[in-house]
Structures are given as C-alpha cells and as structure tokens.
Amino acid sequence: MRIRICYMVAGLLALGATLSGASRPAAAADLGLVTKAPVGTCTEIVFTCENGRQYPLCPRAVSVEGEVVTASLLTGHSGGVHVRLVPMGVGYRYAGHGIWLDGFRENALLNFGKHHQVACAIAH
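Once that is clear, we can look at the overall build of the chain. Across its full length, the chain carries two helices and eight strands. Counting from the amino terminus, helix and strand elements in the chain follow one another as α-α-β-β-β-β-β-β-β-β. Put simply, the chain has 124 residues, and 31% of those count as buried. Considering only contacts within the chain whose residues lie at least 6 apart along the sequence, 30% involve residues at least 24 apart. Carbon and sulfur atoms make up 63% of the accessible area of the chain, which amounts to about 8,100 Å² in all.

This is the structure we're talking about:
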C-alpha cells in the first residue's frame, strides 16, 4: 500500500512539472520550414549555397500550420531526393537517402554524406 502511494505521489509530481509550463512553446522555426505555396511548387523555398548552386525544395506534404513535412530536394542528380522532416529541439532537419539538411531560420548546412557539407541560405 505504501509503495502505491509513493508511485502516485511521484506521478502527480511529474505531471505537475510537465503542466507547469517549464518548457516554452515551439516556434515555427523550431519545427520546420513554413510555406504558403501549394504542394508541388518549387519556387518559394530555394537554398542558395556557397558552392554556387541553388537547391529548390519542392513540398510534397504540408501540415495544417503550413510546415513542410515531406519534400523533394532538387540536387540536379536524377531529379531530386525525397526528404522528410525529422523532429529537432531547435531548428529543422530534412533527411533523405545519403543527404540531409540542417538549419535554423534562414541558414542551413546541406550535407552530402558524412564528409561533405555546404553552407546555404534560403533565398526568397
């Protein structure tokens, strides 16, 4: 009986800490890129990188809030690479087969495998 009371008290304390507002609400920049363009449009989100190339992000699925959930990152190699939003604490990550894009607001790093990355910025 005493153990059950201890577990109940611990559970209530954990619930109270969770509901107390200790964590801040997530902003759009923390969750992913936001678009107002229709799905399939490749002109709104374009990454201009230091290697002199541009990489458009073509949304495939968008959340109710307008966040890009899945997309094609046009790299010039066979059309594009399918990427998916990976939940992050701060910033965003879109990952696909052999490629991923880590960013925060307008700045991003485009990674081609483990040993090659390029700094990029979103061009509007």
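Turning our eyes to something else, we now look at the sheet that holds strand β6 (residues 99–104). Here we have eight strands rolled up into a closed barrel, ordered β1-β2-β3-β4-β5-β6-β7-β8, and antiparallel in their pairing. Across this sheet, the average inter-strand angle for adjacent strands is 30°, counted without regard to direction. Of the strand pairs in this sheet, strand β4 (residues 81–86) and strand β5 (residues 92–96) are connected by four bridges, and their pairing is antiparallel. Paired with L85 across the bridge in β5 is Y94.

Let us now look at the packing of aromatic side chains. The full count for this structure, using the stated rule, is two aromatic pairs. Here the aromatic rings of Y92 and Y94 are separated by 6.0 Å at their centres, their planes lie at 55°, and the arrangement is tilted. Taken individually, Y92 and Y94 each receive the classification buried, so the pair is uniform in this respect.

Let us look at the pattern of salt bridges. Opposite charge on two side chains makes pairing possible when the charged atoms of those side chains draw close. For the structure on display, the rule yields one salt bridge. R93 is the partner of D102 in a salt bridge, and the nearest nitrogen-oxygen pair spans 2.5 Å. We classify R93 as partly exposed; its relative accessible area is 28%.

Turning our attention to the side chain of T75. Mapping T75 onto the fold places it in the loop between β3 (68–73) and β4. Sequence-distant contacts of T75, that is, excluding residues within four places in its chain, are made with R53, Y55, G80, V81 and I99.

To continue, consider the state of the cysteines. All told, the structure shown has one disulfide when counted by the stated rule. A sulfur-sulfur distance of 1.9 Å marks the disulfide that ties C49 to C120. Its S-S torsion of approximately 95° makes the covalent link between C49 and C120 right-handed. With C49 in strand β1 (residues 46–49) and C120 in strand β8 (residues 117–123), this residue pair connects regions lying 71 residues apart in the sequence. On the basis of relative accessibility, which here comes to 7%, the residue C49 falls in the buried class.

Rules and cut-offs
Residues numbered from 1 in each chain as written. Predicted model: local features only at pLDDT ≥ 70, side-chain atom pairs only at ≥ 80, totals over all residues. Heavy atoms only, no water. Helix = DSSP H or I, 4+ residues; strand = E, 2+ residues; numbered from the N terminus. Buried < 20%, exposed > 50% of the residue type's maximum accessible area, 1.4 Å probe, protein only. Contact = heavy atoms within 4.5 Å. Areas by Shrake-Rupley, 256 points an atom, 1.4 Å probe, with all protein chains shown as cover. Pairing = 2+ DSSP bridges. Axes fitted to C-alpha atoms, helices over the stretch in contact; angles between N-to-C directions. Phe/Tyr/Trp six-rings, centres within 6.5 Å; stacked < 30°, edge-to-face > 60°. Salt bridge = Lys/Arg side-chain N within 4 Å of Asp/Glu carboxyl O. Disulfide = S-S within 2.5 Å.

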